[in-house]
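Now for the letters of each chain:
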Amino acid sequence: LFDVGGFLLPFVVTGGMVLLFIPLLLFVLPGIQSHLQHQESETQLSMWQLTKKVPVVMVCLSVFLANAPLGLLDTSLALYLDHTFGWSATHIGLLLLLLGAVYVVSAPVVGLVVDATKPRLVMILGLLTEGCAMMLIGPVS
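Quick summary incoming for the structure in this document. Everything numeric here is computed off the predicted structure, so don't read it as measured data. Counting restarts for each chain, with residues numbered from 1 along the sequence as it is written. Predicted model: local features are reported for residues with pLDDT of at least 70 only, side-chain atom pairs are reported and counted for 80 or more only, and whole-chain, interface and lining totals are derived from all residues. The basis for every side-chain value is the complete set of heavy atoms in the structure, and neither hydrogens nor water enter the calculation.

With that settled, consider the side chain of Thr14. Elements are defined by DSSP. Helices are runs of H or I of four residues or more, strands are runs of E of two residues or more, and each kind is numbered from the N terminus. In this structure, Thr14 sits in helix α2 (residues 8–28). The classification of residues rests on relative accessible area computed with a 1.4 Å probe and restricted to protein chains. Under 20% of the type maximum is buried, over 50% is exposed, and intermediate values are partly exposed. Note on Thr14: relative accessible area 14%, which makes it buried.

Attention now moves to the packing of α2 against helix α5 (residues 54–85). Packing of α2 against α5 leaves a shortest axis separation of 10 Å and a crossing angle of 165 degrees. Accordingly, the angle class assigned to the pair α2 and α5 is roughly antiparallel. The interaxial crossing formed by α2 with α5 has left-handed handedness. Residues Pro10, Phe11, Thr14, Met17, Val18, Phe21, Leu24, Leu25 and Val28 of α2 form the contact with α5, whose participating residues are Val54, Met58, Leu61, Ser62, Leu65, Pro69, Leu72, Leu73 and Ser76. Considering only residue class, the contact of α2 with α5 consists of 15 nonpolar, three polar and no charged. Throughout, an axis means a line fitted to C-alpha atoms (over the contacting stretch in the case of helices), and angles, computed between N-to-C directions, take values from 0 to 180 degrees. Orientation labels follow simple angle bins: below 35 degrees gives roughly parallel, above 145 gives roughly antiparallel, 65 to 115 gives roughly perpendicular, and whatever is left gives oblique. We call a crossing left-handed when the near helix sits turned anticlockwise from the far one by less than a right angle, and right-handed when that turn is clockwise. Two residues form a contact once any of their heavy atoms are found within 4.5 Å. Ten residue types, Ala, Val, Leu, Ile, Met, Phe, Trp, Tyr, Cys and Pro, are classed as nonpolar, four, Asp, Glu, Lys and Arg, as charged, and the remainder, Gly among them, as polar.

Laid out in structure tokens, this is it:
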């Protein structure tokens, strides 16, 4: 995508995929209460049987779509900072370390918020925020 549309296109495509996934998530992923009620009546499932369940596939796709842009950002941001600002590998590494540190600190807080609210709502808001943010990343003229 970078070769076809430059720096902006990978982010627009990734952000668009995340935003297009949200309506699908809304309609396919059941509420957590209905899942808990249904789970009580089920026996233990094998891993293969679990992968055939639509809600499990939706959560897996959601996790993929939430994390794929981070890998894209790491590689693109490193190249951008090197070519545009002449940052050294050490400075770029420290910035990427900072991004990871923010994740480590914020993950437990977000986990508490998810436990206190509706997980599906938090998932949708997170994907919406990330999708919009990815579409806004790009070179500034």
